[in-house]
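A look at the structure
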Amino acid sequence: MQKIYYRANHCDGCQACEVACIEKKSFTKSLFMAKLEQPTPKARINFEKFDNKYWASICQHCIEAMCVGACMTGAMHYSETGEVVHNLEQCVGCGMCIMVCPFGAVVMLEDAKKVSKCDLCEDEKIPPCVIACTRRALCYCTPEDYENEGWGDGLAISHHW
Amino acid sequence: MGLYIRPRSLGIISKPLERDDDLRTSICCLCNGGCGLKVSLDHEGKVQAVFGDRDNPYNKGKICAKPMEIVQTLYGPYRVGHPLRRINGKFERITWEEALKLIAQRYNHYSQENGTGSIVGITSKIGGSYSKLAHSIFSKLTGMANYGTGPICMESELKVRKDIFGNGSASSPLSDVIKSKIMLIVGNNCAQTKAGQFHWISEAKQQGTKVVVIDTRFTETAQMADRFIQIRPGTDTVLGMALLKIIINNNLYDQAFVSEYTNGFEQLAEAVEAFTLKQAADITGVPRNVIEELAEDLAVRKPGMLFEGRGIVCVNNAGASIRAFEDLMAILGNIGKPGAGIISHINNYGNARDLIPKKDVIKPDRKRSATALYQAMEEGEIKMVFIAGNPCVNWPDSRRMTQAIQGLDFVVSHTLFLDDSAMLADIVLPATHWLEEAGVQASVHRVLQWKDQAAATYAESRSGGDLFRQLAKYMGLETSYFPNSPQKAWELERTHNKSIEGITVERLRKTPGGVHFPCPANGQEAERLYESSLFPTPSGRVELARKNNIAIEYINVFDSPGNQGVSPEKYPYLLSTNKVASHYHTICQYSNWAQEMEKQPYVEMHPQTASELGLTDGDPVRLETVTGSLVLPARITFSVPRGYFTTQPYFGLHSPYRQTPVNSLFPVAVDPVGGNFANKNIMCSASAEGRAGQ
Amino acid sequence: MKTKVGVMGLRYLIIGNSAAGIFAAETIRGLDSIGKITMISKEDCLPYSRCLTSYFIGKEISEEGMYIRNKDFYTQTGIDFIGGNVERVDPDSRCVWLDNGEKVNYDKLLIATGASPFSPPLEGSDMEGVFQLRTSADAKAIAEFAPKVKTAVVMGAGLVGLKGAHGLHELGIKVTVVGSAPYLMRYSTDPESSEVLIKLLEKDGYRILLNTKAERILGEKNSNGRMSVSGVVLNTGEHISCQMVLKAIGVRPNVQLVEGSGVFVNKGIVVDDEMETYVKDIYAAGDVAEADDFLTGEKSVSALWPTATEQGIIAGCNMAGLKRRYRGSLALNSAVICGVGLISAGIMNLPPGEGLVLKAVEPKKSFYRKFVIKDGRLIGMIMVGNIEGAGILSSLIRKKAKVDINYLNYLLTSPVKYHGYFPTGEGRE
Ligand SMILES: Cc1cc2nc3c(=O)[nH]c(=O)nc-3n(C[C@H](O)[C@H](O)[C@H](O)COP(=O)(O)OP(=O)(O)OC[C@H]3O[C@@H](n4cnc5c(N)ncnc54)[C@H](O)[C@@H]3O)c2cc1C
Ligand code: SF4
Ligand code: SF4
Ligand code: SF4
């Protein structure tokens, strides 16, 4: 399974990832129309500047996902390959997943009364946010690749329960 | 990530050099913007620099990079200084007399043997008012059919507007934008393409005019707009129809104007029912609320103006979009009032009438559409062309055009540079640059401005005005019809054209910024058209519907000419060309500055498209259409939509850029309503071009 | 990926097919692919979420929408499902007895029998039109009866009461909520946030009566000769006429089946941090279990869905031989009331004088935030309005790390976003 890793030391705070995600998740598929759409599409990647440092938080497709445990409808679940998948149809927007996700990765779609989160844009070869990141602060790879490239701190592949 | 703007080229204010001994005034003749220039000359009378003229009330000293670049092209290695004749595949210098004699002899020969229709002119760059008049006299005397800028630039716009209002020209000066409450800019990157005059729009915006830009790309113009609407390629018609629909259904139009001055409102109202607003939103990719908001803005903010650009004119379904937006202006009553109307770089002041007695006028014995021209050349029906322009780069299916020209018996090119088309000529004639020719130049402000000859004529170059008169002499035609100087030409023209009769050279010289037209004999200039609500259509009214009573018919871009029957599986993307500020057709390629600003052509694409193709910034990508393929470096930017490619159209093989013309990828296809060639939205495929070692 | 730690192929028996039971079963299956898993539930249906019953009543979802697993769940997971009521657990012979006399053996037993509505004796409770809400059957009964109802009284202003009230309100029924506590959802709010919610509810047409109790349900004979609800008399003397009463006063763990088995029951079945009861190989999880509380460390019953699933997972691991410790239950709640989100976590109300409380209110926007801090650590929070990022704060509570007060002050009004670390105020973590 591939997922998106964020490397703060590469990030220059351009927020292109957010923008790309908004574009992808918009109805018009236009970056420029997205902000005028109603409802306004929301980025599934959350960019934050705090203390002069940048951080983009995104669903980590946790090995043991809090959101899956908390979801009272079964909308959040694991896919065969291990991604944490959200089934929009089942979701009732109760916010239990928002309540527990330690990364703040779940966003509320107020108008639809449902939530959403990064689905890794499975219909794309490479997720838009990753492409948008010219600084390679976002890596789309398997945990093994991530560690083998020497980017991580060993945590990505230690399956600690 | 990518680029949104090219800030270097936005309306630069330039300061003339201090203590310049010889500073001359001129008017830029490139984009029909009509910017006032100051030209600084060296002791030999050569141009050493070009600046904006701060005393010109229209550009107020601002110009774009293009006229500045001219300095480098005027005396550069590509400039033709002497007549040349191709002998055994090589150019050899000959004298003007030899050249003219030869041309005259061949001309007469083909005309007699094969008919007047066997000789055509491809004459998109003929020169100033003097040359244009001489050219038209020459054509009348010989029956030469000409293909000008129309089909490659503004045919559709001209035709549709003429259908609607009776006149294809702009109805209002750009300077009126200051008085308008809303300015709708559609498919027009005027911040780049009219950069010297763009400050009018910026100023208007500061004063509260709402600037709305509708474009497929996030252009420099879009960047300064109050509202940018990104629309899916080729769907402008639907947006225009949706706006009409809202305005009509909610009675937001100018009912008095519609009932008194228009025809065809019912047909229009019927036609716009073709789509629901939801469908319109789905097709155009513009959210419904945005369409509604714009309609409301247009209804409330009056007067309002429209400025269309090549983005909706040079497309394969242009006619319908232009009609939709211009009908929109009409039913809102935004016509013939200060701050209302349509801005365009089409500023025809009409043709001189009855210059030549009927007995001497020869009509071409054959009429061909622009598309039929190719075949006529290929099949040997045409023997000779007179080229003033660069069709081998600027016309669609350039490869085919090149081959067709190559196959002709005799080709003459009157040109500044040895460009791709001149390289095929049997006779190359050196042309004067517009700085070397006096004359009248029109501007987006609907003014005519006079410019004196600013620089000494380069080497042996001659203007079209002189060329045609002299050629006529060698051909044994009546030469007394031809004026022999720019001043005389203008005086002749104005006395034969009611709409400019009151505009004397003297008056032009005295009036900074020039004189508005029409300006009849009484000297009363009209700043804008239709102020009296008289429309020169046959009915005297604005024709909201087409003659066939179908007001507007949207053609899906994938089913439009050029794309019809093309496999969407094989050619899933769309290809367009778009202009940049530092280039103008062929001419600026020879400038180092332009080369610095636009190092090489590139193809802009959305990051996601690039990813689909496995490309990163700068990677070579092969673009292929039904007519050809081409490799260009990729430039990745969010400013274009996904699945859409755009590149710059200028470059030729015989220029410092050494590029296969990108127009070779565009099929010979015209907009069925307006008759423009399409140089946008043609279906293409793309793939990463393997590099050595991969 | 997952390595087997214990012995494979045991007989696992799980009583209860809801949150705790399902997650336990799935966990066991993940760790022991050959073990025999049997599940017994007196609700003979696919696993569903009882939290969704109110949505079903309000017709926001269909009956299928209540199911949390698809119809092939049991076969796909390899679970033998038995529909039946377990009457007795017999640890000595490692079996349980069903009320039909059937016996089921086990090697490892999980009791995930949840809870049942608690209903104190109240005059008139046996009449037609008096309901409680716990199971899908309850929900269906309410839905069936609802068309006859114009006004309803919901007894209990807790989460279940409010959700039930919402369901009825969605049907156009005029609802009065009667609560004995001084504020709404007292386990997951504080007076201020309760105030915000009351305003919202009242604006939407609910009637909210707090510090009030129902004393008596009034009835009248209906067409088929049975007594049917006609009103409620409150302790204030007020008489509210209504056609339906929904009792949502509280729940009590379903512990009857372990009586006499030696399994220790306090309020619920007491478990250790491996979710094992005092009897070896018998585990308990979910609403029925009394486990450690995360913040106080004391044993308590937490009747919440996420707690049940987490306990189920831990129990499942330990049953399948992978030792994992339960970190303790953290009170967490999320509700969307009249379109406004409310999330609370941990300890929301401290005795006066204890700890530090940060608050931000914007009544117009229905925005309220409160952080409860003790010893420099975040121990509780309430978010009303913009709830995004709440998980970051709940995990901050879980981390028990010292946090910079200024940082919390900043979070009080800004969107809560994750940024890789939490400032402690004592230099970087
Ligand atoms: C209307 C409503 C709304 C709620 N909303 C929320 C909410 O928003 N957030 C939240 O966190 N929680 C909420 N809850 C609480 C939540 O539903 C419970 O915490 C959760 O269901 C507990 O799961 P469990 O597996 O422990 O037990 P239960 O869900 O109670 O399941 C117990 C299972 O055991 C079976 N069983 C019981 N006794 C026996 C027996 N003797 N023999 C055989 N089988 C037996 C039952 O049939 C049932 O299937 C709500 C509850 C209700 C009723
Ligand atoms: S939403 Fe949050 S908890 Fe769920 S998998 Fe993603 S990061 Fe983990
Ligand atoms: S909001 Fe949707 S996904 Fe999240 S817990 Fe509720 S039902 Fe599940
Ligand atoms: S993978 Fe897709 S959904 Fe996830 S953050 Fe990136 S763009 Fe958004």
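Residues numbered from 1 in each chain as written. Chains lettered and ligands numbered in written order. Predicted model: local features only at pLDDT ≥ 70, side-chain atom pairs only at ≥ 80, totals over all residues. Heavy atoms only, no water.

**Considerations on the interface of chain A and chain C**
Counting residues at the interface gives 38 residues for chain A, matched by 43 residues for chain C. Carbon and sulfur atoms supply 64% of the area that chain A and chain C bury against each other, a total of about 3300 Å² over both sides. Applying the counting criterion to the chain A and chain C interface returns three salt bridges. One salt bridge in this structure joins Glu 64 of chain A and Arg 324 of chain C, with 2.8 Å as the shortest N-O distance. The interface formed by chain A and chain C contains 13 residue pairs in polar contact (both at pLDDT 80 or more). Among the elements that take part in the side of chain A that touches chain C, strand E2 (residues 46-50) of chain A stands out by supplying five residues, more than any other. Along the lines of polarity and charge, the residues of the side of chain A that touches chain C split into 21 nonpolar, 10 polar and seven charged. (Contact = heavy atoms within 4.5 Å. Buried area = accessible area lost by both parts, 1.4 Å probe. Salt bridge = Lys/Arg side-chain N within 4 Å of Asp/Glu carboxyl O. Polar contact = N/O pair within 3.5 Å; in protein donor to acceptor, adjacent residues only side chain to side chain. Helix = DSSP H or I, 4+ residues; strand = E, 2+ residues; numbered from the N terminus. Nonpolar A, V, L, I, M, F, W, Y, C, P; charged D, E, K, R; others polar.)

**Quick notes on the side chain of Lys 417 of chain C**
With respect to the helices and strands, Lys 417 of chain C occurs in the segment after helix H9 (405-413). From its side chain, Lys 417 of chain C meets the backbone oxygen of Phe 47 of chain A in a polar contact 2.9 Å long. In contact with Lys 417 of chain C, not counting residues within four places along its chain, are Glu 18, Asn 46, Phe 47 and Glu 48 of chain A together with Ile 392 of chain C.

**Let's talk about the site of ligand 4**
All names here are of chain A. Among the 13 residues in the neighbourhood of ligand 4, the closest are listed as Cys 21, Lys 25, Cys 118, Cys 121 and Cys 129. If you list the elements that add at least two residues to the shell around ligand 4, you get helix H1 (16-25) and helix H5 (128-132). The class makeup of the residues in the shell around ligand 4 is 10 nonpolar, no polar and three charged. (Near = heavy atom within 4 Å.)

**Overview of the domain arrangement of chain B**
Residue and element names in this part refer to chain B. Each assigned domain of chain B is listed with its residue range as follows: domain 1 (84-151 + 355-437 + 456-484), domain 2 (171-343) and domain 3 (557-688). Using only C-alpha atoms to locate each centre, domain 1 and domain 3 end up separated by 30 Å. The interface formed by domain 1 and domain 3 holds zero salt bridges in total. Where domain 1 packs against domain 3, one counts 10 residue pairs in polar contact (both at pLDDT 80 or more). Put simply, the parts of the chain that give the side of domain 1 that touches domain 3 at least two residues each are helix H4 (150-153), helix H16 (370-378), helix H17 (391-394) and helix H18 (398-406). A breakdown of the residues in the side of domain 1 that touches domain 3 according to their chemical character gives 11 nonpolar, six polar and six charged. (Domains from an automatic or database assignment.)

**Concerning the packing of aromatic side chains**
Applying the stated criterion across every chain, the model contains 36 aromatic pairs over all chains. An angle of 45 degrees between the planes, with centres 6.3 Å apart, marks the rings of Tyr 58 of chain B and Trp 200 of chain B as tilted. Of the two residues, Tyr 58 of chain B sits in the loop between strand E4 (47-52) and strand E5 (62-63) while Trp 200 of chain B sits in helix H7 (residues 199-206), which places them 142 residues apart along the sequence. As far as burial versus exposure is concerned, Tyr 58 of chain B and Trp 200 of chain B are alike and both buried. Summarising the aromatic geometry, the rings of Tyr 74 of chain C and Phe 81 of chain C are spaced 4.6 Å apart at their centres and angled 20 degrees between planes, so their arrangement reads as stacked. (Phe/Tyr/Trp six-rings, centres within 6.5 Å; stacked < 30°, edge-to-face > 60°. Buried < 20%, exposed > 50% of the residue type's maximum accessible area, 1.4 Å probe, protein only.)

**Focus on the pattern of salt bridges**
According to the stated counting rule, one finds 60 salt bridges over all chains in the structure shown. For Arg 310 of chain B, the salt bridge is made with Glu 157 of chain B, and the minimal N-O distance between the two is 2.9 Å. Of the two residues, Arg 310 of chain B is situated in helix H14 (residues 310-313) and Glu 157 of chain B in helix H5 (residues 155-165); the sequence distance between them amounts to 153 residues. Of the two residues, Arg 310 of chain B and Glu 157 of chain B, both sit in the buried class. As a salt-bridge pair, Glu 63 of chain C and Lys 140 of chain C come within 3.0 Å of each other at their nearest N and O atoms. Placement of the pair is Glu 63 of chain C in the loop between helix H2 (53-57) and helix H3 (73-77) and Lys 140 of chain C in helix H4 (residues 136-145), with a sequence separation of 77 residues. For Glu 63 of chain C, a relative accessible area of 29% puts it in the partly exposed group. Given a relative accessible area of 34%, Lys 140 of chain C falls into the partly exposed group. Linked by salt bridges that have partners in common, Lys 24, Asp 123 and Glu 124 of chain A together with Glu 612 and Arg 642 of chain B make up one network.

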